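Take a look at the letters that make up each chain.
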Amino acid sequence: VGALEDLGRPSPVVVSTTLAIVNVNTGGELRLPLSLPDIRYFEPFLTWDNWALTVYSPRLNQVVYLRAHASDSNTDYALLDRNTNQVVAVLNTYHYWLNPRWSPDGRVAVVSGNMVDENASRFSKYELYLLDGVAGAVTQLTHFDQDFSQAFIESYRWSPDGRSIAFWLSTDIPPDGIFNPGPQYLAVVDVATGQVTNFCVPGSYITALNRAYVPPPIWSPDGQQLVVENYYAEGQSRVIVVDLTRGAARELAGVQNMRPVGWLAAAP
């Protein structure tokens with residue numbers, strides 16, 4: 001199964017995007033609709049893991065997208081049930097560029113957001129939120145505001161069994177935290193209990209020009225280990241393997257300036 005983008009520009013402002021699911025064996029094609037209620041278009045267009053303006057669930061029965069408010073310029077994350085064509089869950093945040101990610105069973109989507117309010121420090125008050133299309137509810141999964149004045153969360157990834165989410169967390173945010181949220185560390189949250197474990201494994205540091213981007217942690221197929229990339233100096237990175245059961249981390253010797261992209265079930 002593959003996803004294709006067919007980008008057209010019917011006007012100088014609106015970007016039209018069509019996603020297609022293609023069966024590589026039969027050539028059969030399923031077009032996914034873009035005509036979602038009040039969908040917000042961008043120029044240049046926003047791309048979430050190459051799904052463009054939409055993030056469909058693995059079962060394609062639900063979709064998360066950005067919805068524009070008719071009364072003002074605000075935007076929210078909307079979860080729509082394709083069977084009823086109704087929006088069943090809505091998350092209002094100040095920023096909307098962080099990827100919604102569906103659980104492996106396609107029942108819940110997670111996204112990092114900061115609530116829309118009048119607080120000037122809202123830029124650095126991020127939490128993880130669950131959009132449940134079955135229950136039609138939004139649940140705040142993390143509660144860093146109880147212990148930290150600031151928090152930033154990005155690059156999150158579900159475990160294979162859907163019970164945990166690994167992510168990069170920063171709670172030491174400098175004054176220019178909007179653009180440089182500070183050092184990030186590997187953390188894992190239990191979806192059922194909301195308990196967060198900070199493994200104190202660094203991911204990035206502030207470079208001379210900006211913050212180094214750190215890709216999402218990669219889970220082993222059995223969900224017992226994580227592999228991450230750690231930027232430790234200007235233009236220098238290493239790969240670290242974290243054993244979750246033992247709470248131990250080790251650097252892969254001789255692996256420098258390489259970005260892990262996946263985990264093989266067996267050695268080649």
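Just above sits the structure.
Scope of this entry: the structure provided in the associated data block. (Residues numbered from 1 in each chain as written. Predicted model: local features only at pLDDT ≥ 70, side-chain atom pairs only at ≥ 80, totals over all residues. Heavy atoms only, no water.)

**A word on the pairing of strand β18 (residues 236–243)**
Thought 1: For β18, a buried count of six out of eight residues is recorded, marking the element as mostly surrounded by other parts of the structure.
Thought 2: Pairing between strand β17 (residues 225–233) and β18: eight bridges, direction antiparallel. If you follow Leu 226 over to β18, its bridge partner there is Val 242.
Thought 3: The antiparallel pairing of β17 with β18 creates a hairpin that spans two residues between the two strands, and Gly 235 there sits at a positive phi of about 70°.
Thought 4: Two strands pair when backbone bridges link them, and β18 and strand β19 (residues 248–256) are joined in this way by five bridges, in the antiparallel orientation. Paired with Asp 243 across the strands is Ala 248, a residue of β19. (Buried < 20%, exposed > 50% of the residue type's maximum accessible area, 1.4 Å probe, protein only. Helix = DSSP H or I, 4+ residues; strand = E, 2+ residues; numbered from the N terminus. Pairing = 2+ DSSP bridges.)

**Notes on the pattern of salt bridges**
Thought 1: Per the counting criterion, the structure on display carries five salt bridges.
Thought 2: Put simply, Arg 238 and Glu 251 hold a salt bridge, and the shortest N to O gap is 4.0 Å. Residue Arg 238 is found in strand β18, and its partner Glu 251 is found in strand β19; the two are separated by 13 residues along the sequence.
Thought 3: For Glu 251, a relative accessible area of 38% puts it in the partly exposed group. (Salt bridge = Lys/Arg side-chain N within 4 Å of Asp/Glu carboxyl O.)

**Notes on the side chain of Ser 57**
Thought 1: Assignment of secondary structure puts Ser 57 in the loop between β4 (54–56) and β5 (62–68).
Thought 2: Of the residues examined, Ser 57 reaches a relative accessible area of 1% and is grouped as buried.
Thought 3: Within polar-contact distance, the side chain of Ser 57 engages the side chain of Asn 61 at 2.9 Å. (Polar contact = N/O pair within 3.5 Å; in protein donor to acceptor, adjacent residues only side chain to side chain.)

**Quick notes on the sheet that holds β19**
Two orientations exist for strands paired in a sheet by backbone hydrogen bonds: parallel and antiparallel.
Thought 1: The antiparallel open sheet is built from four strands, whose spatial order is β16-β17-β18-β19. If you trace the sheet from one side to the other, it starts and ends with β16 (218–219) and β19, each paired once.
Thought 2: Examined bridge by bridge, β16 and β17 share two bridges and lie antiparallel to one another. Pairing of Trp 219 across the sheet is with Leu 226, part of β17.

**Structural notes on empty space enclosed by the protein**
Thought 1: Under the counting rule described, the total for this entry stands at two cavities of 30 Å³ or more.
Thought 2: Of the volumes computed, that of the second largest cavity is approximately 40 Å³.
Thought 3: Lining the second largest cavity are Ser 124, Lys 125, Tyr 126, Glu 127, Phe 144, Asp 145, Phe 148, Ser 149, Gln 150 and Ala 151.
Thought 4: For the lining of the second largest cavity, the per-class residue count stands at four nonpolar, three polar and three charged. (1 Å grid on protein atoms, 1.4 Å probe; cavity = no way out; pocket = protein on both sides within 12 Å on 5 of 7 lines; lining within 4 Å. Points joined across faces, edges and corners; volume = space filled by probe spheres on them. Nonpolar A, V, L, I, M, F, W, Y, C, P; charged D, E, K, R; others polar.)

**Details of the side chain of Ser 164**
Thought 1: Note on placement: Ser 164 falls in strand β13 (residues 164–170).
Thought 2: Assessed through its relative accessible area of 17%, Ser 164 is described here as buried.
Thought 3: Apart from residues lying up to four places away in sequence, Ser 164 is in contact with Arg 157, Trp 158, Ser 159, Val 188, Val 189, Asp 190, Val 191 and Trp 219. (Contact = heavy atoms within 4.5 Å.)

**Description of the nonpolar core**
Thought 1: Of all hydrophobic cores here, the largest spans 33 residues; its most connected members are Tyr 77, Leu 128, Leu 130, Ile 153, Tyr 156, Ile 165 and Phe 167.
Thought 2: When residues of this core are traced back to their parent elements, those giving at least two are β5, β6 (75–81), β7 (86–92), β9 (108–113), β10 (127–132), β12 (152–158), β13 and β14 (184–190).
Thought 3: Formed by 13 residues, the second largest nonpolar core is a distinct cluster that contains Leu 53, Tyr 56, Val 63 and Tyr 65. (Core = buried A, V, L, I, M, F, W, Y, C linked by side-chain atoms within 4.5 Å.)

**A word on the packing of aromatic side chains**
Thought 1: This structure, assessed with the given rule, holds three aromatic pairs.
Thought 2: For the pair Phe 144 and Phe 148, a centre-to-centre distance of 6.5 Å together with 50° between the ring planes defines the contact as tilted.
Thought 3: By relative accessible area, Phe 144 is classed as buried at 8%.
Thought 4: Overall, the relative accessible area of 36% leaves Phe 148 in the partly exposed class.
Thought 5: Summarising the aromatic geometry, the rings of Phe 144 and Phe 167 are spaced 6.3 Å apart at their centres and angled 65° between planes, so their arrangement reads as edge-to-face. In this pair, Phe 144 is assigned in the loop between β11 (137–140) and β12 and Phe 167 in strand β13, connecting sequence segments 23 residues apart. As far as burial versus exposure is concerned, Phe 144 and Phe 167 are alike and both buried.
Thought 6: Grouped by ring-pair contacts, the aromatic residues Phe 144, Phe 148 and Phe 167 constitute a single cluster. (Phe/Tyr/Trp six-rings, centres within 6.5 Å; stacked < 30°, edge-to-face > 60°.)

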